[in-house]
Amino acid sequence: MRKKQFKAESKKLLDMMINSIYTHKEIFLRELISNASDAIDKLYFKSLTDDSVKLAREDFKIHIDLDKENRTIKITDNGIGMTAEELENNLGTIAKSGSFNFKKENADNEKADDISVIGQFGVGFYSSFMVADKVEVISKAFGEDIAHKWVSSGADGYTIEECEKENAGTEIILEIKDNTDDENYDEFLEQYRIQGLVKKYSDYIRYPIVMDMTKSRVKEETKDSDKPEY
């Protein structure tokens, strides 16, 4: 499979993200949640005039899955999804905003004001590389039969290929970097850290954000134990 190259502007920004000059790396989660919300907005907007969308308002959700063993974060939405061309346009070119174009195209529609367009696919998405060595985007556009997977390990380029995905929507899988002397990337694999960031940045999101939480329960102390077990 031939690897495609980023545009010069994209490559410069990716270099900045990978060698991050930003101190608040946590904003990657805000940007990806914003993009997921935006994708859901688009499909919800479509459902108002298209009966083929079988999802009701309460069916839309954003899922976050953590895998500490494999060092991955997965953010999934059941929104509008993207075609191969849209993956190329939205993720292969910096500051190319599918959200902005959508807003502009629907400017005369009376329902357009109900669409909360948050962030822009492009600049925000690349913040993923502040915390990830590799990013996969698996997406299936609504109404399409074929899904596609976009994969990049940074400024050296990206690939796009067909893949399997049952329903419309997008999955973004981040392979989190190893810790360094200066940076603790493990924090982004901790449930309560991610939960705190979601609470911090999700006030404007009008769809549920769901994550499985593992809870510890203190067992009763026994006579032979000085400390409680978890």
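Residues numbered from 1 in each chain as written. Predicted model: local features only at pLDDT ≥ 70, side-chain atom pairs only at ≥ 80, totals over all residues. Heavy atoms only, no water.

**Q** Describe in detail the pattern of salt bridges, supporting the description with residues and values.
**A** Tallied over the full model, the rule gives 15 salt bridges. Residue K149 is joined to E161 by a salt bridge in which the shortest nitrogen-to-oxygen separation is 4.0 Å. Pair noted here: K149 is in strand β4 (residues 147-152) and E161 is in strand β5 (residues 158-163), with a separation of 12 residues, a long-range link. Connected via shared salt-bridge partners are E26, E187, R193 and K200. (Salt bridge = Lys/Arg side-chain N within 4 Å of Asp/Glu carboxyl O. Helix = DSSP H or I, 4+ residues; strand = E, 2+ residues; numbered from the N terminus.)

**Q** Got a sec to walk through helix α5 (residues 191-201)? Specific residues and values, please.
**A** Along α5, the residues classified as buried are Q191, I194, L197, V198 and Y201. Each buried residue of α5 lies within a common arc of 130 degrees when the element is viewed along its axis, so the set occupies one face. Exposed residues on α5 whose side chains face more than 90 degrees from its buried face are Y192, K199 and K200. Residues of α5 that are buried sit in contact with α2 (27-47), β1 (62-67), β2 (72-77) and β7 (209-211). (Buried < 20%, exposed > 50% of the residue type's maximum accessible area, 1.4 Å probe, protein only. Arc of directions from axis to C-beta. Contact = heavy atoms within 4.5 Å.)

**Q** Give me the pairing of β4: which residues, what numbers.
**A** Burial of β4 is extensive: five of the six residues sit out of reach of the surface. Across five bridges, strand β3 (residues 132-140) lies against β4 in antiparallel orientation. Its bridge partner lying in β4, S139 is registered against H148. In textbook terms, the turn of a hairpin is the stretch between consecutive antiparallel strands, and for β3 and β4 this stretch comprises six residues, one of which, G143, has a positive phi near 90 degrees. Examined bridge by bridge, β4 and β5 share six bridges and lie antiparallel to one another. Bridge pairing in β5 links V151 to T159. Between β4 and β5, which follow one another and run antiparallel, lie five residues, and G154 among them has a positive phi close to 125 degrees. (Pairing = 2+ DSSP bridges.)

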